[in-house]
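The residues making up each chain are set out below.
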Amino acid sequence: MLWPALWPLTFSGQGDYFKSPPFWNGQASGVLGAKPGFGPRAVDVPGFVADRRVGAPQAMFGDDFFDRIHVEPQVLNLGNVSSVQQRAVRVWNAYRARALTLTDAGLSDGEGIVLTAPGATPLPFAPMSERTWQIAVGTDGPPVISAALSFRFDGFAAIPVVITGQRIVAWAFAPDWSRGVLERLAWKTDILTSPTQVEQRRGLRSTPRRSFEATMIVDGRERVLLDLAVFGWGGRTWALPIWPDVQWLSSEHALGVRGIACDPRHRDFRVGGLVQLRGKTAFDVEVAEVESIGGASITLRHPTTKPWPRGTRLYPVRTARLAEPPRVTRLTDQAASVSARFDVVEACDWPVVSDSPMYRGYPVLAQRPDETEPLSNGWQRALLTLDNEFGRPFVLDPADWAAPTQAHQWRMHGRVERATVRSWLYTLRGRQHAVWRPTHADDLTLVANVAGTATALDVATVGLARFAGLRPGRRDVRIELRGGQAFHRRITAVVALDDDIERLTIDAALGVDLRPRDVLRISFLVLSRGDSDDAEIEHHTDSDGAADASIVLRAVLDPDTDTPAPA
C-alpha cells in the first residue's frame, strides 16, 4: 500500500497540525535585538505590527481523501457473462489514527456468485490498511444478475457494492455446411405515396433485425448436451458465434494471454463485443470480451482461462435468442439433426458504401448482377379503377408512369466481396434509400462516331422518342467502354431521324472521342429502392468461400435537379 509509506513523510501525525501559529506580541526577536559583532545596530518595530489573522482553515487534500472508508469499485457492471468472471473489490481504512472493525460483509441475491474474503468477521482494520475481496461470477444462476455486497463497520452505515449483469450461454455447436447458413436482415420503412407516385420514405429502425438459421449434426455426448441445454436454458440469451466469420488460429496461445493473433478484417468483430474460442468438441469452448482490435490481432479484456492450440476456431459473437424451439430429426440413437433459428438481440451496424461512383447525389450500383440464374423484370403502375359492376369500369393512371422493377443477384467469393454486398444492403436500408441501378443490358446501340465535344449520340431506333417521352427511369443512361471507363448522362431530347436511327441529346459532352466499337454497352439508368425491407444472405461456406444474396429493386421518381430527394 503506497499511502502508509508516504504518510509519515507528508503529515506530522500530531494533533496540532492545523493550529494557527502563535500570536506575536510586538517584541523584537532575539536575533533582531542582538548586537552584531561588527558594530551596534538599533531596530525600531512599530507597535501596531502584529499577526492578527481572521478566517477559517482552508480544506486541503488530506481532508478530502483521508479519515474515511474507501470501497472500490462500488458498482460492478459485468455486462454479458458467458464464462466465469473474476473481479476484485478493495476496502481501505483511510483514517490516519483510528482503527476500525468490519462486523459483516454480506452478499444478497448472490446465487452463482462466489465471494472470497481475506478473513473471517469481525475483521480488524488498522489505520491506513487495505484488504481485498475476490468475487467470481459464474454462468450458473438466474439469467439477470442483480446482487449487492454490503460492508458494515462498527459505528458506520453499510457501504453497498452493486453487482449487475446478464448471464448468457455459449452456443458451441458447429453448423452442417453442406446445407449452408441463412442470414436474414430486416429493416422497417414507412412510405407515404401520393397519387402521382411521389414518395416520402422514413426508416423506423436504426439497425436491421438480424437472424441466422442453420442445421447442426450432433452425436454422442454433444447430442445430449444440446438436448439438455435447450431443455434447461432454451429461453435465455445465447452467445451465438457468427459462423460465416470463422477462422482457425495459426499459432498456439498459452494460458492467460490477452492477445489473439488473427485477421479481423471484414469480420463482425467489434470493441466491447464477444468472441468465442472453440476446440474440437462443444465441451471445449470459451467466450471472452474484446478490448481492442488491431490490424492482425485482437486484445481481450481479461486473460484466457485455458491454453488454445493451433487450429482452434475463433468466431465473433452476437447475443441472440432462439426464435422458436429447434426442430430435431433423430437419425440414430446416437445422432440427430437439429435445425435452429436465432434472432440477434443487439444492434448490428455495418458501414455503408463509400467508394461507389456518384450521379446526381446518389450512389451507382455499378456491379453487374449474377446471371447464372434468370433475373425477373417487371413494371408497377398505380391505376385507379372505378367499377359499379354494371357498366364499363373507369380506369385512370394519375402518374402516367410505370415503375420498372428488376431483380439483382450477387454471387460473392471471399470476405471483401461479402463486405461490399453487405454495405450495399445497409446503404439501401430496405425500402428507405435509393440508388442508381443500371439495367446492365444492351439497351441502346451506338451507330455513329461521337466527338469528345459533341452532345448528340446517334443510336439504333428502339422507340425511345415515341414511347418513353423522357420519363424518369428511361431518361438517364450509363455508357460503358471496353476499357472499363463509364459515363452517366441525362437525355434532354430525343428525335427519330428515320426508321433506323434516333438522335439523343445529352446534358454534357463525354470529353472523349467514341467509335461504336469502343462501346461495350449503353444501359438505362434507373433511380431505385428496395421493393422489400427484408434481405437474405445464403452462406454456402465460411467468409473465405461463396455466398449468394438477391433483392428486387423498384424505380422511384427521381428529382429534376442534382439535389437528392428527401428519403
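Note that the coordinates shown come from a computational prediction; the quantities given were computed from them, not determined experimentally.

Just checking my understanding: could you explain the overall build of the protein for this structure?
Helix and strand counts for the protein come out as 6 helices and 36 strands. Residues classed as buried in the protein amount to 43% of the 567 residues present. Approximately 29900 Å² of the protein is accessible, and the part contributed by carbon and sulfur atoms is 52%.

Explanation requested: a nonpolar patch on the surface in the structure shown.
On the surface, Leu384, Leu386, Phe394 and Leu396 cluster together to form a nonpolar patch covering roughly 410 Å² of accessible area. As for its placement among the helices and strands, Leu384 is situated in strand E26 (residues 384-386). The class for Leu384 is partly exposed, based on a relative accessible area of 47%.

Looking at this structure, how should I read the pattern of salt bridges?
Two side chains that carry opposite charge are able to pair once their charged atoms sit near each other. The full count for this structure, using the stated rule, is 38 salt bridges. Its salt-bridge partner being Arg360, residue Asp476 comes within 4.0 Å of it at the nearest N-O pair. Within this pair, whereas Asp476 is found in strand E31 (residues 476-481), its partner Arg360 is found in the loop between strand E23 (358-359) and strand E24 (362-363), the two being separated by 116 residues in sequence. One exposure class covers both Asp476 and Arg360, and it is buried. Among the salt bridges present, the one from Arg431 reaches Asp533, with a minimum N-O distance of 3.3 Å. Highlighted residues: Arg431 in the loop between helix H5 (415-428) and strand E29 (434-438) and Asp533 in the loop between strand E34 (519-530) and strand E35 (534-539), separated in sequence by 102 residues. By relative accessible area, which is 23% here, Arg431 ends up partly exposed. Among the residues examined, Asp533 registers a relative accessible area of 12% and is labelled buried. One salt-bridge network, held together by shared partners, links Glu183, Arg210, Asp268, Arg270, Arg318, Glu346 and Arg422.

Whenever I open this one, the nonpolar core confuses me. Can you help?
For soluble globular proteins, nonpolar side chains are generally found buried alongside one another. Trp171, Trp243, Phe342, Trp410 and Leu425 are the most contacted members of the largest nonpolar core, which totals 46 residues. Of all the elements, H5 adds the most residues to this core, at 6 residues. Residues within four places of Leu425 in sequence aside, it is in contact with Leu185, Trp187, Trp410, Gly430, Ala535, Ile537 and Ile551. In terms of nonpolar packing, the next biggest core, distinct from the first, is built from 25 residues, Leu76, Tyr95, Ile145 and Ile159 among them.

Is there a simple way to think about the side chain of Arg529 in this case?
Positionally, Arg529 belongs in strand E34. In this structure the side chain of Arg529 is engaged in a polar contact, spanning 2.8 Å, whose partner is the side chain of Glu199. The contacts of Arg529, once residues within four sequence positions are left out, are Ile191, Glu199, Arg201, Arg431, His433, Ala434, Val552, Leu553, Arg554 and Val556.

I would appreciate a short explanation of the environment of Gly138 in the present structure.
Here Gly138 is to be found in the loop between strand E7 (130-137) and strand E8 (144-153). Measuring from C-alpha to C-alpha, the distance between Gly138 and Gln85 comes to 6.5 Å, with 53 residues separating the pair along the chain. Those residues within four positions of Gly138 in sequence are excluded, and the remaining contacts are Val81, Val84, Gly112 and Arg167.

Before we go on, may I ask you to explain the sheet that holds strand E5 (residues 113-116) in this structure?
For sheets, the rule is that strands pair by backbone hydrogen bonds, running either parallel or antiparallel. The strand order E1-E3-E7-E5 describes an open sheet built from 4 strands, whose pairing is antiparallel. Every other strand in the sheet has two partners, leaving strand E1 (69-72) and E5 as the edge strands with one partner each. With strand direction ignored, the average angle separating the axes of adjacent strands in the sheet is 15°.

What exactly am I supposed to notice about unusual backbone geometry here?
Negative phi is the rule for most residues except glycine; trans is the rule for most peptide bonds. Here Glu72 and Pro73 are connected by a cis peptide whose omega angle stands at -5°. A positive phi is found at Glu389, a non-glycine position, where the angle reads about 70°. You can see Glu389 is positioned in the loop between E26 and strand E27 (394-396). Classification of Glu389 as exposed rests on a relative accessible area of 71%. Although it is not a glycine, His440 adopts a positive phi angle of roughly 55°. Topologically, His440 is positioned in the loop between E29 and strand E30 (456-460). Judged by relative accessible area, which is 3%, His440 ranks as buried.

What am I meant to see in the pairing of strand E14 (residues 237-241) here?
Side-chain direction in a regular strand flips from residue to residue, so the side chains alternate between the two faces of the sheet. A large share of E14 lies buried, amounting to 5 of its 5 residues. Across the two faces of E14 the burial is the same, with Thr237, Ala239 and Pro241 and Trp238 and Leu240 all buried. Examined bridge by bridge, strand E9 (residues 159-170) and E14 share 3 bridges and lie parallel to one another. Paired with Val169 across the strands is Trp238, a residue of E14.

Can you walk me through the packing of aromatic side chains in this structure?
To describe a pair of aromatic rings, one takes the distance between the centres and the angle between the planes. According to the stated counting rule, one finds 12 aromatic pairs in the structure shown. Their ring planes at 85° and their centres at 5.6 Å tell us that Phe65 and Phe66 sit as a pair that is edge-to-face. Since its relative accessible area comes to 1%, Phe66 is described here as buried. Ring centres of Phe125 and Phe153 lie 5.4 Å apart, and the angle between their planes is 70°; on these two criteria the pair is classed as edge-to-face. You can see Phe125 sitting in strand E6 (residues 123-125) and its partner Phe153 sitting in strand E8, a full 28 residues away along the chain. Comparing Phe125 with Phe153, the two get one shared label, buried. Three or more aromatic residues joined by ring pairs make a cluster, and in this case those are Trp171, Phe173, Trp238, Trp243 and Phe342. Here the guanidinium or amino end of Arg131 rests over the ring plane of Phe125, the centre of that ring lying 5.3 Å away. The aromatic ring of Phe283 is capped on one face by Arg221, whose charged end is 4.1 Å from the ring centroid.

Help me understand helix H4 (residues 221-233), please; the structure alone is not making it clear to me.
With 13 residues, H4 extends 18 Å between its outermost C-alpha atoms, agreeing within 8% with the 18 Å of an ideal straight helix rising 1.5 Å per residue. For H4, every residue scored as buried is listed here: Glu222, Leu226 and Ala229. Projected down its long axis, H4 carries its buried residues within an arc of 70°, all on one side. The exposed set on the far side of H4, more than 90 degrees from its buried face, consists of Arg221, Leu228 and Phe231. On the buried face of H4, the contacting elements are strand E13 (209-219), E14, strand E17 (274-278) and strand E22 (335-344).

Even after reading the chapter, I still don't get the environment of Arg431, so can you show me in this structure?
Between the alpha carbons of Arg431 and Arg201 there is a distance of 7.8 Å; along the sequence they are 230 residues apart. A polar side-chain atom of Arg431 sits 2.8 Å from the main-chain carbonyl oxygen of Thr189.

Quick question: what am I supposed to make of H5 here?
Residues lying three or four places apart along an α-helix face the same way, a consequence of the helix completing one turn every 3.6 residues. For H5, with 14 residues, the first-to-last C-alpha span of 20 Å sits near the 20 Å given by 1.5 Å per residue. The buried fraction of H5 is high, at 11 of 14 residues. Two residues or fewer after H5 comes Arg429, characterised by a positive phi angle close to 50°.

Analysis parameters
- Residues numbered from 1 in each chain as written.
- Predicted model: local features only at pLDDT ≥ 70, side-chain atom pairs only at ≥ 80, totals over all residues.
- Heavy atoms only, no water.
- Helix = DSSP H or I, 4+ residues; strand = E, 2+ residues; numbered from the N terminus.
- Buried < 20%, exposed > 50% of the residue type's maximum accessible area, 1.4 Å probe, protein only.
- Areas by Shrake-Rupley, 256 points an atom, 1.4 Å probe, with all protein chains shown as cover.
- Patch = residues over 30% accessible without salt bridge, like charges linked within 9 Å, V, L, I, M, F, W, Y side chains within 5 Å.
- Salt bridge = Lys/Arg side-chain N within 4 Å of Asp/Glu carboxyl O.
- Core = buried A, V, L, I, M, F, W, Y, C linked by side-chain atoms within 4.5 Å.
- Contact = heavy atoms within 4.5 Å.
- Polar contact = N/O pair within 3.5 Å; in protein donor to acceptor, adjacent residues only side chain to side chain.
- Pairing = 2+ DSSP bridges.
- Axes fitted to C-alpha atoms, helices over the stretch in contact; angles between N-to-C directions.
- Phe/Tyr/Trp six-rings, centres within 6.5 Å; stacked < 30°, edge-to-face > 60°.
- Lys NZ or Arg CZ within 6 Å of the ring centre and 35° of its normal.
- Expected span 1.5 Å × (residues − 1).
- Arc of directions from axis to C-beta.

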